[in-house]
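Per-entry structural report
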Amino acid sequence: MNRIKKAACLALGTVLSVSLLAACGSSGSASTPTPSASPSASEPVESSATFTTVESGKLHMSTNAAFPPYEMVKDDGTFEGIDVDIATKIAEKLGLSLVVDDMDFTAAVNAPAQGKSDMCMAGLTITEDRKKNLDFSDSYATGVQVIIVSQDSDIQGPDDLKDKMIGTQEGTTGYIYCSDDPANGGYGEDHVIAYTNGSTAVQALLAGKVDAVVIDKQPAQEFVKANPSLKVLSTEYITEDYAIAVKKGNTELLDAINGALNELIDDGTVQSIVNSYIKAD
């Protein structure tokens, strides 16, 4: 059975509970600036559109900063990573200052719809369920979900996960796919434990509480590097595209973000940022 192909076609029925607020908090209005208003050397996006943010002059990014190398907490308490660096460049182009709001993954995904952030960047993939409350930007990176097991494990690929206990990060597509009904290519909720972040899931694997962890490839490699008793299986679980999420219907902000993002892709900035964190195999 080719579970990878089946997983890509799953009907994503898991509901991510999101409360839509009738009115967001006090939102500042920001017009896309002229070049002289840009706070950095990055050229601002040329547009006559007007967009609003939850705080005037700032772009709030909700994330879960335990997902290396996309978002991480530095020793000094500040943030770094692919998503953080790209978001910083987007904010510069929009004439705004980036604010990183670190929280649980599910809360980070819900934050734009609740008016608690302007956008979510957290290695986030597009699902039909998330599209009920969020709009998504163009894709800026590709993520591959893989399986982490102990060095002496008899698990060799996705098909061997049947009847095993699987650890995932709560709210992620890894959890959605794995916990789905076996008829849809999943393993059933009884065989999946959701943890607040990937690090906690890996600790559960080290403690023998689960037999495997399904998570994105890049953080998986970082976790295994720090724990030599673990390994990443060569068989990929699924491939997905990452995108930026904003509150559904916030077209003006989404258009501004897409304009800035595509300029950063076209001039090679996004690839340069990715290359600085992910070295070629």
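Our subject in this report is the structure included herewith.

Reading guide: rules and limits
Residues numbered from 1 in each chain as written. Predicted model: local features only at pLDDT ≥ 70, side-chain atom pairs only at ≥ 80, totals over all residues. Heavy atoms only, no water. Helix = DSSP H or I, 4+ residues; strand = E, 2+ residues; numbered from the N terminus. Buried < 20%, exposed > 50% of the residue type's maximum accessible area, 1.4 Å probe, protein only. Contact = heavy atoms within 4.5 Å. Areas by Shrake-Rupley, 256 points an atom, 1.4 Å probe, with all protein chains shown as cover. Pairing = 2+ DSSP bridges. Polar contact = N/O pair within 3.5 Å; in protein donor to acceptor, adjacent residues only side chain to side chain. Salt bridge = Lys/Arg side-chain N within 4 Å of Asp/Glu carboxyl O. Axes fitted to C-alpha atoms, helices over the stretch in contact; angles between N-to-C directions. Left-handed = near helix turned anticlockwise from the far one by under 90°. Nonpolar A, V, L, I, M, F, W, Y, C, P; charged D, E, K, R; others polar.

1. Notes on the overall build of the protein
Scanning the protein from N- to C-terminus turns up eight helices and 16 strands. Out of the 281 residues in the protein, the part that is buried amounts to 51%. Residue pairs at least 24 apart in sequence account for 76% of intrachain contacts in the protein once pairs closer than 6 positions are excluded. Of the accessible surface of the protein, which amounts to about 12,300 Å², a share of 47% is contributed by carbon and sulfur atoms.

2. Regarding the sheet that holds strand β5 (residues 71-73)
Ordered by their spatial adjacency, three strands build an open sheet running β4-β5-β6, and the pairing between neighbours is antiparallel. Only two strands of the sheet have a single partner each, and these edge strands are β4 (66-67) and β6 (79-80).

3. Details of the environment of R130
For R130, the position within the fold is in the loop between β8 (119-120) and β9 (134-136). Note on R130: relative accessible area 3%, which makes it buried. Along the backbone, R130 and V109 are 21 residues apart, and their C-alpha atoms lie at a distance of 8.4 Å. One polar contact links the side chain of R130 to the main-chain carbonyl oxygen of T125, over a distance of 2.8 Å. A distance of 2.7 Å separates a polar atom in the side chain of R130 from the backbone oxygen of G171.

4. Structural notes on the pattern of salt bridges
Any two side chains of opposite charge can pair, so long as their charged atoms come close to each other. Throughout the structure, instances matching the rule amount to eight salt bridges. Linking K58 and E55 is a salt bridge whose minimum nitrogen-to-oxygen distance equals 3.4 Å. On the basis of relative accessibility, which here comes to 30%, the residue K58 falls in the partly exposed class. When the shortest N-O distance is used, the salt bridge between D154 and K164 registers 3.6 Å.

5. Quick notes on the packing of helix α2 (residues 82-93) against helix α7 (residues 251-266)
Where α2 meets α7, the closest approach of the two axes is 9 Å, and the angle between their N-to-C directions is 115°. Considering how the two elements wind past one another, α2 and α7 form a crossing that is right-handed. Of the residues in α7, those touching α2 at I86, K89, I90 and K93 are I257, A260, L261, E263 and L264. Per-class residue counts for the contact of α2 with α7 are six nonpolar, no polar and three charged.

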